[in-house]
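Below, each chain spelled out in residue letters.
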Amino acid sequence: MKKLTKRLIEQFEKLYRPTFFPKLKYITVPVFTMVLLLVSPSCKKILDEEVISGVTEQYLNTKPGFESAVKASYSGLRIFFASGEMGMTLTEFGTDMYTHGADGDFKHYDLYDTKLNSRDAMVRDLWNNFYTTINTCNIVIDRAASVPGIDDATKNKSIGEARWLRAQYYFILVQTFGPIHLALKENSEITTEAKRSSVKEVYDAIVADLEFAIANLPVTQADYGRATKPAAENLLAKVLLTRAYIPEAAQPTDFARAAELGKNVINNYNFRLLDDFADIFKQGAGEVNAEVIWAVQYTTDKLNDGNGNRMHPYYVMQYDILPGMVRDLENGKCFKRLRPTNFALANFGDRTVDSRYNKSFKVAWISNNAANIPKDAAGKPKFAVGDTAIWLPGKNLAPEEVAKKPYLVILPKDYTETKYPSLIKFMDKTRSAVNDDVGSRDYLAYRLADTYLMVAEAYIGAGNLAEATTYINKVRERAAYPGKKALMDLTPDKLNIDTLLNERGRELSGELCRWFDLNRTGKLVERVKLYNDEGKKNIQPFHVLRPIPQDQIDRTTNNFGQNTGY
């Protein structure tokens, strides 16, 4: 059998550092090496090499090898969601909610300029990582029947996990690229041809995978982080909700079924909206809470989690060069990549009623550095360590009022690419050092507030605004400060798809779903032109799809095709 070159093996092993279940210490380096030796994506030129790992293909046909392949099937989601900037770049940049800050190599996803092309690293890595891991899923699905020593129920559960994962990978791919190659069987030999299946075919395959997963996955798993029946129902609700907007793929019942699936997740398991919005993002034991339907796990163990959760620095402004401040663990590493748009900040409305702005953004910074505290005319420090050093009031104040403050006041009119309110949902104070990239937070991929808003959106699509209002108001009421719930309630005449998107923007700010939300509802171009001062300059209708990676086109001997505009 053809083998990957040593260079490719080293590259993929780096990408797939072990640990989809780090807290349970599940996955080891040899497991991934074994899988990657067997499942490399199609290449035009692959060299014969000696086997680098002592693990052989036959290992997959054993009980422990099969279980290792199931666990390895989760790896692509960790790479996409939080172990780097891929998820943030592809889902938050270039929307109505987030634009670029001062630094970073991927501003073209916000600017929609000519650098957003088929040779871009983000689309390339997404494509290659996902297709590699899809083939791992296919191995599990295809080989399950022949693996000895595993009972049928366990095999079906394992296939259910693999099909749920395969559905998740294809769902992200089809939303990102449109028509894509649909591989539903293990790739056991080198192929140099591929074809783009229609969007309808891809969605039909995704739905079939999720129906199987729902029928065969347990309600809970002893190993936290593995796929469950409610996680599969939640994903199918999102898939059907998305498909319902696509004329060539939609089924007449998609909106109604999406609503029913979402309601089932809300009503028939042990999930609930937490009483306090801020509690959802409490680090440590609080990460496993009643609002989380499914999460991607990370850990503080560097040996088992070399990739870690790296979302923590990307939303943070450059506070560490400002008066009275130095970079520390409490305030975080400041990469100043993603900056909320003016619309995103204004969208939070009355912040004395809705608590989510104050619980999502850091607006005050406490001095931690005596060395650079400014002095008054008499040479006396204007404030002390432990006092306020920076304040972002969130509204413009009169100059005389600002002048009374001894510390730096940053008004909305003065926001820049380095100074702006910083999202705190992903801050990680448990890192071992100030400049350590590796964080341990779980990424909360599915949470119940999103499910409520999906149900509301499905009812809007179905024309039932009264029911939609019931579900959106549950989320809004939870966000209210004590005694102000009634002020948060909407009436059906105030509800439409834009109202729904505004609510998703408040509730799910920065949580790696916005580009998909806008694209699903057909609002991406419209709302970027309205609300993103950078993106509006260049965005075109063809930007609702990303470019097919040039790698894929080059290594395919037939004409694979490129998306319009690229």
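Residues numbered from 1 in each chain as written. Predicted model: local features only at pLDDT ≥ 70, side-chain atom pairs only at ≥ 80, totals over all residues. Heavy atoms only, no water.

(A) Up close: the overall build of the protein chain. Each helix and strand in the protein chain was counted, giving 20 helices and nine strands. Residue burial in the protein chain is summarised as follows: out of 566 residues, 59% are buried. Considering only contacts in the protein chain between residues 6 or more positions apart, those separated by 24 or more positions represent 71%. (Helix = DSSP H or I, 4+ residues; strand = E, 2+ residues; numbered from the N terminus. Buried < 20%, exposed > 50% of the residue type's maximum accessible area, 1.4 Å probe, protein only. Contact = heavy atoms within 4.5 Å.)

(B) Representation of the packing of aromatic side chains within the structure. As enumerated under the stated definition, the model contains 29 aromatic pairs in all. Judged by centre distance (5.6 Å) and plane angle (55°), the rings of Trp-294 and Tyr-446 are tilted. Within this pair, whereas Trp-294 is found in strand S2 (residues 292-296), its partner Tyr-446 is found in strand S9 (residues 443-447), the two being separated by 152 residues in sequence. The burial state of Trp-294 is the same as that of Tyr-446; both residues are buried. Residues Trp-391 and Tyr-407 carry aromatic rings whose centres are separated by 6.5 Å and whose planes lie at 85° to one another, so their mutual orientation is edge-to-face. One end of the pair, Trp-391, is in strand S6 (residues 388-391); the other, Tyr-407, is in the loop between helix H14 (399-403) and strand S7 (408-409), and 16 residues separate them in sequence. Residue classification places Trp-391 among the partly exposed positions, given a relative accessible area of 25%. A connected cluster of aromatic rings, assembled from ring pairs, spans Phe-80, Phe-81, Phe-130, Tyr-169 and Tyr-443. Here Arg-351 stacks its cationic end above the ring of Tyr-357, 3.6 Å away from the centre of that ring. In this arrangement the basic side chain of Arg-546 is found over the ring face of Trp-515, its NZ or CZ atom lying 4.0 Å from the centre. (Phe/Tyr/Trp six-rings, centres within 6.5 Å; stacked < 30°, edge-to-face > 60°. Lys NZ or Arg CZ within 6 Å of the ring centre and 35° of its normal.)

(C) How the structure looks around the sheet that holds S7. Read across the open sheet, the three strands follow the order S5-S6-S7; overall the sheet is mixed. Of all the strands in the sheet, just strand S5 (364-366) and S7 have a single pairing partner and so form its edges. Here S6 pairs with S7 via two bridges, running parallel. Across the sheet, Ile-390 pairs through a bridge with Leu-408, a residue of S7. (Pairing = 2+ DSSP bridges.)

(D) Structural detail: the nonpolar core. Judged by nonpolar contacts, the single largest core of 143 residues is most densely connected at Trp-164, Tyr-315 and Ile-390. Counting residues per element, this core draws most heavily on helix H8 (residues 152-177), which supplies 12 residues. The contacts of Tyr-315, once residues within four sequence positions are left out, are Met-88, Glu-92, Tyr-98, Leu-338, Tyr-420, Ser-422, Leu-423, Phe-426, Gly-510 and Leu-512. Among the nonpolar cores identified, the runner-up in size contains seven residues, and Phe-277, Ile-280, Phe-281 and Leu-444 belong to it. (Core = buried A, V, L, I, M, F, W, Y, C linked by side-chain atoms within 4.5 Å.)

(E) Here's a closer look at the side chain of Glu-161. Take Glu-161: it is sitting in helix H8. A polar contact is formed between the side chain of Glu-161 and the side chain of Tyr-74, at a distance of 2.3 Å. Contact partners of Glu-161, with chain neighbours within four places excluded, come to Val-70, Tyr-74, Leu-217, Gln-221, Arg-226 and Ala-227. (Polar contact = N/O pair within 3.5 Å; in protein donor to acceptor, adjacent residues only side chain to side chain.)

(F) Inspection of the side chain of Thr-95 at higher detail. Checked against the element boundaries, Thr-95 lands in the loop between helix H5 (86-91) and strand S1 (98-100). The buried category is assigned to Thr-95, whose relative accessible area is 0%. A distance of 2.9 Å separates the side chain of Thr-95 from the backbone oxygen of Glu-92, its partner in a polar contact. Beyond its immediate chain neighbours, meaning those up to four positions away, Thr-95 contacts Thr-341, Arg-514, Trp-515, Leu-518, Val-528 and Asn-532.

(G) Quick peek at the packing of helix H10 (residues 229-243) against helix H11 (residues 254-267). At a closest axis distance of 8 Å, the pairing of H10 and H11 adopts a crossing angle of 155°. Considered as vectors, H10 and H11 are oriented roughly antiparallel to each other. Between H10 and H11 lies a crossing whose hand is left-handed. Taken together, the residues of H11 that come into contact with H10 (itself represented by Pro-230, Glu-233, Asn-234, Leu-236, Ala-237, Leu-240, Leu-241 and Arg-243) are Asp-254, Phe-255, Arg-257, Ala-258, Leu-261, Gly-262, Asn-264 and Val-265. Per-class residue counts for the contact of H10 with H11 are nine nonpolar, three polar and four charged. (Axes fitted to C-alpha atoms, helices over the stretch in contact; angles between N-to-C directions. Parallel < 35°, antiparallel > 145°, perpendicular 65-115°, else oblique. Left-handed = near helix turned anticlockwise from the far one by under 90°. Nonpolar A, V, L, I, M, F, W, Y, C, P; charged D, E, K, R; others polar.)

(H) The arrangement of helix H9 (residues 199-216) in detail. Spanning 18 residues, H9 covers 26 Å between terminal C-alpha atoms, matching the ideal 26 Å at 1.5 Å per step. Within H9, the full set of buried residues consists of Val-199, Val-202, Tyr-203, Ala-205, Ile-206, Val-207, Asp-209, Leu-210, Ala-213 and Ile-214. (Expected span 1.5 Å × (residues − 1).)

(I) Spatial organisation of the pattern of salt bridges. Applying the stated rule across the entire model yields 45 salt bridges. Note that Glu-85 is salt-bridged to Arg-337, the shortest N-O span being 3.7 Å. With Glu-85 in the loop between helix H4 (75-81) and H5 and Arg-337 in the loop between S2 and strand S3 (338-340), the pair connects residues that are 252 residues apart, well separated along the chain. Here Arg-337 falls in the buried class, since its relative accessible area comes to 15%. Between Glu-511 and Lys-425 there is a salt bridge, with the nearest N and O atoms lying 2.6 Å from each other. Of the two residues, Glu-511 sits in the loop between helix H17 (497-507) and helix H18 (514-520) while Lys-425 sits in the loop between strand S8 (422-423) and S9, which places them 86 residues apart along the sequence. Of the two residues, Glu-511 and Lys-425, neither departs from the other in class, the shared state being buried. Salt bridges sharing common partners tie together Glu-291, Asp-354, Arg-356, Lys-425, Arg-447, Arg-476, Arg-478, Glu-503, Arg-506, Glu-507 and Glu-511. (Salt bridge = Lys/Arg side-chain N within 4 Å of Asp/Glu carboxyl O.)

(J) The confidence of the model for the protein chain, seen in detail. This prediction gives the protein chain a mean pLDDT of 90; 89% of its residues lie at or above 70. Confidence over residues 1-55 falls short of pLDDT 50; this stretch has 135 contacts with residues more than four positions distant or in other chains. (pLDDT = per-residue confidence, 0-100.)

(K) A look at unusual backbone geometry. With a phi close to 40°, Lys-336 is a non-glycine residue in the positive phi region. Of note, the phi angle at Leu-512 is positive, near 65°, even though the residue is not glycine. Topologically, Leu-512 is positioned in the loop between H17 and H18. What makes Leu-512 buried here is its relative accessible area of 4%.

(L) Molecular detail of the pairing of S9. Among the five residues that make up S9, five are buried, leaving the element largely enclosed by the rest of the structure. For S2 and S9, the ladder comprises three bridges, and the chain directions are antiparallel. Within S9, the position partnered with Val-296 by the bridge is Tyr-443.

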